[in-house]
Amino acid sequence: MAKDPEKKPEKKAAADKKPAAAKKSAAEKKPAAAVPRRTASARPVNPKAARALARYVRMAPRKLRLVLDEIRGKSVAEAQTILTFSNKRAARTLGKVLKSAVSNAENNHSLDPQHLFISLGTVDQGPSFRGWIPRARGRASPVRKKTSHITIQVRER
């Protein structure tokens, strides 16, 4: 009934290895670095460009995009002429935003208004106002009044 001295150290060595392996795997696991999410406001800003925003404009984005597509990429003087003689209601609103972008370029970035062109123009959908309109026989139909966010960016040529 003599105990074998060789078996006991093996059992202890095996028992010692398990916690060491557990400690090693825990040390290997490092927390992942937090990657900041890129949002719409985190767009890269061009130092030679100025922009203007109009948010919550009470007009459907689809109607604004029709007019904005006509002036995108054109010089500021040509775009203002197009907006002045356009029959669309959206032209007046876009004219105000364009005028603001030109003023921002002139005052904040010291750019010459004669050499500016529209480098970026986007219309995004804002929140919709929801309501109901009464219909015949006690029924109701939904009404959604859409809003828009307009962004115009101008740069020197």
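This structure is a prediction, so every number in the text was calculated from the model and none was measured. (Residues numbered from 1 in each chain as written. Predicted model: local features only at pLDDT ≥ 70, side-chain atom pairs only at ≥ 80, totals over all residues. Heavy atoms only, no water.)

## A word on the pairing of strand β5 (residues 148-156)
Most of β5 is tucked away, with seven of its nine residues classed as buried. Pairing between strand β2 (residues 116-125) and β5: nine bridges, direction antiparallel. Note on β5: the bridge partner recorded for L116 is E156. (Buried < 20%, exposed > 50% of the residue type's maximum accessible area, 1.4 Å probe, protein only. Helix = DSSP H or I, 4+ residues; strand = E, 2+ residues; numbered from the N terminus. Pairing = 2+ DSSP bridges.)

## Side note on the confidence of the model for the protein
Within the protein, residue pLDDT values average 84, and 70% of them lie at 70 or more. Per-residue pLDDT, averaged within each element of the protein, yields its smallest value for helix α1 (residues 7-28) (55) and its largest for helix α3 (residues 76-84) (97). (pLDDT = per-residue confidence, 0-100.)

## What to know about helix α4 (residues 90-108)
Compared with an ideal rise of 1.5 Å per residue, which puts 19 residues at 27 Å, α4 spans 27 Å between its outermost C-alpha atoms and is within 8% of the ideal. Of the residues making up α4, those classed as buried are A90, A91, T93, L94, V97, L98, A101, V102 and A105. Elements that come into contact with the buried residues of α4 comprise β1 (49-57), α2 (61-71), α3, β2 and β5. Of the residues flanking the end of α4, it is S110, one or two places downstream, whose phi is positive at about 55 degrees. (Expected span 1.5 Å × (residues − 1). Contact = heavy atoms within 4.5 Å.)

## A look at a positive patch on the surface
Taken together, R58, K63, K88, R89 and K145 make up a surface patch of like positive charges. With respect to the helices, strands and loops of the structure, R89 is situated in the loop between α3 and α4. The class for R89 is exposed, based on a relative accessible area of 60%. (Patch = residues over 30% accessible without salt bridge, like charges linked within 9 Å, V, L, I, M, F, W, Y side chains within 5 Å. Areas by Shrake-Rupley, 256 points an atom, 1.4 Å probe, with all protein chains shown as cover. Salt bridge = Lys/Arg side-chain N within 4 Å of Asp/Glu carboxyl O. Lys, Arg positive; Asp, Glu negative; His and termini not counted. Charge placed at Lys NZ, Arg CZ, Asp CG, Glu CD.)

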